[in-house]
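What follows is each chain in one-letter form.
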Amino acid sequence: MKIAKSIVELKDHYNRMKLKPSGFVPTMGALHEGHLSLVSAARKECGIITVSIFVNPTQFNDKDDLKNYPRTIDEDLGLLSDHLSENDIVFVPSVEEIYPEPDKRVFNFGNLDKVMEGAQRPGHFNGVAQVVSRLFDIVKPDNAYFGQKDFQQLTIVRELVRQTGNKVKIISCPIVREDDGLAMSSRNQLLEPSIRKNAGAIFTTISKSSELLKTMEIENVKKYVFNNINLLPEFNVEYFEITDNIELNLVKRKSQMKKGNKYFACIAVKAGKIRLIDNVEIQLL
Ligand code: PAF
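Residues numbered from 1 in each chain as written. Predicted model: local features only at pLDDT ≥ 70, side-chain atom pairs only at ≥ 80, totals over all residues. Heavy atoms only, no water.

**Observations regarding the overall build of the protein chain**
So the rule is basically this: Each helix is a run of H or I in the DSSP string that is no shorter than four residues. Each strand is a run of E no shorter than two, and both are numbered from the N terminus. As a reference, a globule follows 2.2 Å times the number of residues to the power 0.38, and the radius of gyration itself is taken over C-alpha atoms. The buried label goes to any residue with under 20% of its type's maximum accessible area, the exposed label to any with over 50%, and the partly exposed label to all in between, with areas taken from a 1.4 Å probe on protein chains only. Any two residues whose heavy atoms approach within 4.5 Å at even a single point are treated as in contact. Only the protein chains shown count as cover for residues, and the accessible areas themselves come from Shrake-Rupley with a 1.4 Å probe. Charged-residue counts in this description rest on Lys and Arg as positive and Asp and Glu as negative, His and the chain ends being excluded. Where a charge sits is defined by one atom per residue type, namely NZ (Lys), CZ (Arg), CG (Asp) or CD (Glu).
When helices and strands are counted, the protein chain shows 11 helices and nine strands. Over its C-alpha atoms the protein chain spans a radius of gyration of 19 Å, differing by no more than 12% from the 19 Å that the globule rule assigns to 285 residues. C-alpha extents for the protein chain along the principal axes are approximately 60 × 40 × 35 Å. Split into buried and exposed, the 285 residues of the protein chain put 53% on the buried side. Within the protein chain, counting contacts between residues at least 6 apart in sequence, those at least 24 apart form 74% of the total. Surface exposure of the protein chain reaches about 13,800 Å², of which carbon and sulfur atoms provide 52%. Both charge centroids of the protein chain, one from 39 positive and one from 37 negative side chains, sit 5 Å from each other.

**Some words on the pattern of salt bridges**
The criterion, for reference: Salt-bridge detection follows one rule: a side-chain nitrogen of Lys or Arg within 4 Å of a carboxyl oxygen of Asp or Glu.
Evaluation of the coordinates by the stated rule reveals 18 salt bridges. Between Lys-20 and Asp-142 there is a salt bridge whose closest N-O contact spans 3.2 Å. On the criterion of sequence distance, the pair formed by Lys-20 in the loop between helix H1 (7–17) and strand E2 (22–27) and Asp-142 in the loop between helix H7 (124–139) and strand E5 (143–147) is long-range, its members being 122 residues apart. The class for Lys-20 is exposed, based on a relative accessible area of 60%.

**Describing the nonpolar core**
Spelled out, the test is: The term nonpolar core refers to a set of buried residues drawn from Ala, Val, Leu, Ile, Met, Phe, Trp, Tyr and Cys, joined through side-chain atoms within 4.5 Å.
Core analysis: the biggest nonpolar cluster contains 41 residues, and Leu-10, Phe-91, Ile-98, Val-132, Phe-136, Phe-146 and Ile-170 have the highest contact counts within it. When residues of this core are traced back to their parent elements, those giving at least two are H1, strand E4 (89–91), H7, E5, helix H8 (151–164) and strand E8 (263–271). Ranked by the residues each element gives to this core, the list is headed by H7, at nine residues. The contacts of Phe-146, once residues within four sequence positions are left out, are Pro-26, Leu-38, Val-132, Phe-136, Gln-153, Leu-154, Val-157, Ile-170, Ile-171, Ser-172 and Cys-173. Membership of the second largest hydrophobic core comes to 28 residues, among which are Leu-191, Leu-213, Phe-235 and Val-280.

Right, here's the structure in full:
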């Protein structure tokens, strides 16, 4: 695989390769099986793959989170070299390469960035939209691969693509989980062992909530989820919401749910100092 630090190197490689379709896997590094599943999905469909590794400062609303975000570039390149071919490319730009000027763009996503992660992390999705649109302009992929774990991000990226008229096909890939059900995330490696050992409860609890919704009202299911997780030492649920996957309207009563629509149970939990998010699709029938 080729490693490019600059846009010029990246474009030069693309022009020489002339392979189609091109697949793009944007990442912030600290790679794990979840990222590799995106690479595998791209491998099945694309002649050339670009993986970007860029910790995007504009999407961090918390300076400490940006400072502490795991950076494991040597391990990342080692992993990628086992999964990419000689035609593929890893793009590892500097902040100056991506943002030669400060990005002042403000996107309007309506309700999509007002709820859940958007409400908890003001400005986060504007930063995601800035970097994703910038990376799409640089890489110009035919397909781009995103994990379903970042459910709201995926919805917003689809809306970004709709608003900008970009022809890139957004492909969502299933969540990859640890043996105990914890959704794989770069942040998992920051969990204290005493907290990590209980973190599988997030998935088991939201899976159970999907079961409970068959017979219980949303309000009571929410109480169950909050109680079940908050009784674990140092676990605090930030939100647990049921939402559709198009407009991200939060559903308060089961009677508001329409047959044939898809709904997801989404959760954010502060586990010690680390925020974890997860979601499951609701099977009502
Ligand atoms: O999901 C992520 O890792 C990031 O938000 C992304 C899409 C790479 C943008 O920085």
